[in-house]
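So you can see what is in the structure, the chains are spelled out below.
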Amino acid sequence: MRLSYQLIIIFSLSLFVSLQVYAKDMWILDKNISTIKFELPVLLLNNVEGELLDFDGLIEIDLQNYKNNKAIFSVNIDSIEMNYKKYKSLLLGDTFFDIIKFPIALLDTRKFSFNAEKKIDLEVELTIKGITKLVPLKLEIYILADELIQIKGHLFFSRTAFQIGVKEWSSTAILRDKVSIKTNLFLVRE
């Protein structure tokens with residue numbers, strides 16, 4: 001199952017790249033300075049907070065016409081670092097993320113337009129544990145130079161909608177349902 005999931009991702013990324021031959025501006029992540037952080041509220045304890053360290057993505061941004069922009073990102077779930085380190089194996093196991101079957105999460109913006117505004121709201125496809133849902137994503141876009149763009153993003157999703165936390169961990173009484181993801185991505189023109 002892991003191999004087939006990786007093949008799907010490789011196929012999706014290669015299809016995305018092959019379709020971009022006609023794109024005006026192809027951008028890649030500078031992974032050395034880009035970050036993806038998360039937070040999950042916990043009742044009466046410190047929130048679960050952390051960072052995803054291994055991710056990749058391709059972005060098409062048309063700074064001339066502002067149409068048909070698209071981005072697709074993949075995140076290796078086992079690259080998670082969090083403040084509750086002793087529970088990492090529980091988090092990566094089948095109760096939460098089940099990384100043996102589902103090692104990668106995907107985010108696909110689908111095509112979108114913007115008119116050079118600094119803030120835009122999108123509905124994006126988020127895939128975790130083989131489940132795909134539309135979730136809202138708020139973006140702030142900063143054109144720092146001709147060859148450098150910064151995109152700050154913020155999205156929320158329901159962990160129970162993606163079956164993150166099953167059996168006794170499915171309750172939202174202590175481990176809340178709403179997961180917050182904040183990104184600070186730096187893109188360079190390819």
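The notes below deal with the structure included here. All values derive from a computational prediction rather than experimental measurement.

### What to know about the overall build of the protein chain
So, point 1. The helix and strand inventory of the protein chain stands at two helices and 11 strands.
So, point 2. In the protein chain, the order of α-helices and β-strands from amino to carboxyl end is α-β-β-β-β-β-β-α-β-β-β-β-β.
So, point 3. Long-range contacts, defined here as pairs at least 24 residues apart, represent 62% of the contacts in the protein chain between residues at least 6 apart.
So, point 4. By element, 57% of the accessible surface of the protein chain is carried by carbon and sulfur atoms, the whole surface being about 10800 Å².

### A word on the pattern of salt bridges
So, point 1. The final tally for this structure, using the stated rule, is five salt bridges.
So, point 2. The shortest N-O distance in the salt bridge between aspartate 108 and lysine 70 comes to 2.6 Å. Remark: lysine 70 occurs in strand 5 (residues 70-76) and aspartate 108 occurs in strand 7 (residues 104-108); sequence separation between them is 38 residues.
So, point 3. Across the salt bridge formed by arginine 189 and glutamate 147, the nearest N and O atoms sit 3.3 Å from each other. Pair noted here: arginine 189 is in strand 11 (residues 178-189) and glutamate 147 is in the loop between strand 9 (131-145) and strand 10 (148-158), with a separation of 42 residues, a long-range link.
So, point 4. Arginine 189 sits in the partly exposed class, given a relative accessible area of 26%.
So, point 5. For glutamate 147, a relative accessible area of 44% translates into the label partly exposed.

### Quick notes on the layout of surface pockets
So, point 1. Each pocket or cavity is described by its volume, and for the largest pocket that value is around 920 Å³.
So, point 2. Considering the residues around the largest pocket, the lining is formed by 49 residues, among which Phe38, Phe97, Phe157, Val179 and Ile181 are closest to the centre.
So, point 3. For the lining of the largest pocket, the element with the highest residue contribution is strand 5, accounting for five residues.

Rules used in this analysis
Residue positions are counted from 1 within each chain, in the order its sequence is given. In keeping with the predicted nature of the model, local features appear solely for residues at pLDDT of at least 70, side-chain atom pairs appear and are counted solely at 80 or more, and the whole-chain, interface and lining totals rest on all residues. As a rule here, side-chain values cover all heavy atoms of the structure and leave hydrogens and water aside. Secondary structure counts use DSSP, requiring at least four H or I residues in a row for a helix and at least two E residues in a row for a strand, with both numbered from the N terminus. What makes two residues a contact is simply this: any of their non-hydrogen atoms within 4.5 Å. Computed by Shrake-Rupley with a 1.4 Å probe, the accessible areas treat only the displayed protein chains as cover when residues are assessed. Within this document, salt bridges are pairs made up of a side-chain nitrogen of Lys or Arg and a carboxyl oxygen of Asp or Glu, the two lying within 4 Å of each other. For every residue, the accessible area (1.4 Å probe, protein chains only) is compared with the maximum for its type, and the residue is labelled buried under 20%, exposed over 50%, or partly exposed between those bounds. The rule is simple: put a 1 Å grid over the protein atoms alone, call a set of points where a 1.4 Å probe fits but cannot get out a cavity, call an open set with protein on both sides within 12 Å along at least five of seven lines a pocket, and count a residue as lining if it has an atom within 4 Å of a point. Grid points are joined across faces, edges and corners, and a volume is the space filled by probe spheres set on the points.

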